[in-house]
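Remarks on the overall topology
Residues per chain are reported as follows:
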Amino acid sequence: MDEIDRKIINQLQRGFPICPRPYEEAAKPLGITEAELIQRIESLLENKTLTRFGPMYQIEKAGGAFTLAAMSIPEDEFDKVAEQVNQFPEIAHNYERDHKLNMWFVLGTENPNEITSTIQRIEETTGYKVYNMPKLEEFYVGLYFPV
Amino acid sequence: MTELNDIQQQALKCAIQEGLPVDPRPYQVLADIIGSSEQEVISCIEKWINSGLIKRFGLVIKHHKLGYNANAMVVWNVSDELVDDIGERIKQSGLVTLCYRRPRRLPNWNYNLFCMIHGKDRSQVLEQLEQLREVCQLNEIEHDVLFSYKQFKQCGGRFHKQHPSSPSTPSTYQWNIEKKAVNHG
């Protein structure tokens, strides 16, 4: 990755123009051509530096729901339970963290009622309690990773 | 100018969820797919951004790939009277990527304010946390730092077309989470 790739990543994490020739528009401040920007984005997608290039939906505005949940799993059961939990298609990401509550995952469902029922099914499947910690208030979201 | 009908809007959501076409006229490409004009697509996406349905439109990076290998969930036990004020201070600090208020789950969990700090390694994250405590005057507040060891799965919520053969009813589209196992040691 060279200096121009870095600039592309930093600039386009902030947003992308919505106009007939957006790549041309975005290429201007980078000092490159539209064709070069397109080619570089394709390479960054191909070598998986970028996950995606497009919209991040706010699931709640579309009627869906998200929550953060945690479980306390004995170390020797952890991998087994992680596998059980991850089999639920509603699980987005799942991390092991260093705390008594050691399994932390995000659930996303089509509507808010399904959060409760999915949590119930996870508890039944695994035999462990799920602590549901939905967002009550959002102070800040600014996922920006300068490179 | 006419607006996109419901079916076209659903089709557009599906068409862009995997990413904007990498083509000089991406909105025209989308218009061709859903049977509308380029301008209608542009207006619709602008409307979604303004309404908040689209939170952000741009690059989504693989942060591990770019060297952001450490992330800590930092949780605080803040009195309910102070939580708005402190949430606002943390927001202003520019040192976190997320800050949410969530419920306590007593007796096992007494933290109600959550933020995320991302960094290239643990020492950088801890340094940022020290800065955060100082800048936001959080030294007196009980907190805990939960670093992650292993990430099992990472994917975003997305519109998924369940039955491609019958795209006529919006209910055939559902939120689906792509299954993907990612290990980071």
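Please refer to the structure higher up on the page.
Let me begin by describing the structure that accompanies this report. Because the structure is predicted, anything quoted here is derived from the model rather than measured.

1. Points about helix H5 (residues 113-126) of chain A
Residues and elements named next belong to chain A.
- Its 14 residues give H5 an end-to-end C-alpha distance of 21 Å, which sits within 8% of 20 Å, the value for a rise of 1.5 Å per residue.
- Taken as a whole, H5 has its buried residues at Ile115, Thr118, Ile119, Ile122 and Thr126. Buried positions in H5, seen along its axis, are confined to an arc of 100 degrees and lie on one side of it. Those residues of H5 that are exposed and angled more than 90 degrees off the buried face are Asn113, Thr116 and Glu124.
- Of the surrounding secondary structure, the elements contacted by the buried residues of H5 are strand S2 (65-71), helix H4 (78-86), strand S3 (91-97), strand S4 (103-109) and strand S5 (131-133).
- Looking one or two places after H5, you find Gly127, whose phi comes out positive at around 80 degrees.

2. Looking at the packing of aromatic side chains
- Under the criterion given, the structure shown has seven aromatic pairs over all chains.
- Ring geometry for Trp109 of chain B and Tyr111 of chain B: centres 5.1 Å apart, planes at 70 degrees, overall edge-to-face. For the pair formed by Trp109 of chain B and Tyr111 of chain B, the shared burial category is buried.
- The lysine or arginine in question, Arg97 of chain A, covers the ring of Tyr95 of chain A, its NZ or CZ lying 5.0 Å from the ring centre.
- Looking at Lys129 of chain A, its charged tip hangs above the ring of Tyr131 of chain A, at a distance of 5.1 Å from the centre.

3. With respect to the environment of Gly35 of chain B
- Residue position: Gly35 of chain B is located in the loop between helix H2 (26-34) and helix H3 (38-51).
- Sequence spacing of Gly35 of chain B and Ala11 of chain B is 24 residues, and the spatial spacing of their C-alpha atoms is 9.8 Å.

4. Here we look at the packing of H4 of chain A against H5 of chain A
Residues and elements named next belong to chain A.
- It is the contact of H4 with H5, at a shortest axis distance of 10 Å, that shows an interaxial angle of 145 degrees. As for how H4 packs across H5, the hand of that crossing is right-handed. The residues of H5 that touch H4, namely those facing Val81, Gln84 and Val85, are Ile122, Thr125 and Thr126.

5. Digging into helix H1 (residues 3-13) of chain A
- Along H1 of chain A, the residues classified as buried are Asp5, Ile8, Ile9, Asn10, Leu12 and Gln13 of chain A.
- Against helix H2 (22-27), helix H3 (34-46) and strand S1 (50-57) of chain A together with strand S1 (54-61) of chain B lie the buried residues of H1 of chain A.
- Its side-chain oxygen placed 3.2 Å from the backbone nitrogen of Ile4 of chain A, Asp2 of chain A serves as the N-cap of H1 of chain A.

6. Let's talk about the side chain of Arg97 of chain A
- By secondary structure assignment, the location of Arg97 of chain A is in strand S3.
- Within the buried core, Arg97 of chain A has no salt-bridge partner, and the shortest N-O distance to an opposite charge, that of Asp98 of chain A, equals 6.5 Å.
- If sequence neighbours within four positions are ignored, Arg97 of chain A has contacts with Asn102 and Trp104 of chain A together with Asn71, Ala72, Met73, Met116, Leu146, Phe147, Ser148 and Tyr149 of chain B.

7. Here we look at a negative patch on the surface
- On the surface, Glu75, Asp76, Asp79 and Glu83 of chain A cluster together into a negatively charged patch.
- Following the sequence through the fold, Glu83 of chain A ends up in helix H4.

8. As for the pattern of salt bridges
- All chains considered together, the criterion is met by 15 salt bridges over all chains.
- The salt bridge involving Asp5 of chain A is made with Arg40 of chain A; its shortest N-O contact spans 2.8 Å. Taken together, the residues span a long stretch of sequence, with Asp5 of chain A in helix H1 and Arg40 of chain A in helix H3 at a distance of 35 residues. Of the two residues, Asp5 of chain A and Arg40 of chain A, both sit in the buried class.
- The salt bridge partner of Glu130 of chain B is Arg133 of chain B, with a shortest N-O separation of 3.5 Å. Placement of the pair is Glu130 of chain B and Arg133 of chain B together in helix H5 (residues 122-135), with a separation of three residues, close to one helical turn.
- By relative accessible area, Glu130 of chain B is classed as partly exposed at 41%.
- Because the salt bridges share partners, they merge into one network encompassing Asp2, Asp5, Glu36 and Arg40 of chain A.

Definitions and cut-offs
Residues numbered from 1 in each chain as written. Chains lettered and ligands numbered in written order. Predicted model: local features only at pLDDT ≥ 70, side-chain atom pairs only at ≥ 80, totals over all residues. Heavy atoms only, no water. Helix = DSSP H or I, 4+ residues; strand = E, 2+ residues; numbered from the N terminus. Expected span 1.5 Å × (residues − 1). Buried < 20%, exposed > 50% of the residue type's maximum accessible area, 1.4 Å probe, protein only. Arc of directions from axis to C-beta. Contact = heavy atoms within 4.5 Å. Phe/Tyr/Trp six-rings, centres within 6.5 Å; stacked < 30°, edge-to-face > 60°. Lys NZ or Arg CZ within 6 Å of the ring centre and 35° of its normal. Axes fitted to C-alpha atoms, helices over the stretch in contact; angles between N-to-C directions. Left-handed = near helix turned anticlockwise from the far one by under 90°. Polar contact = N/O pair within 3.5 Å; in protein donor to acceptor, adjacent residues only side chain to side chain. Lys, Arg positive; Asp, Glu negative; His and termini not counted. Salt bridge = Lys/Arg side-chain N within 4 Å of Asp/Glu carboxyl O. Patch = residues over 30% accessible without salt bridge, like charges linked within 9 Å, V, L, I, M, F, W, Y side chains within 5 Å. Areas by Shrake-Rupley, 256 points an atom, 1.4 Å probe, with all protein chains shown as cover. Charge placed at Lys NZ, Arg CZ, Asp CG, Glu CD.

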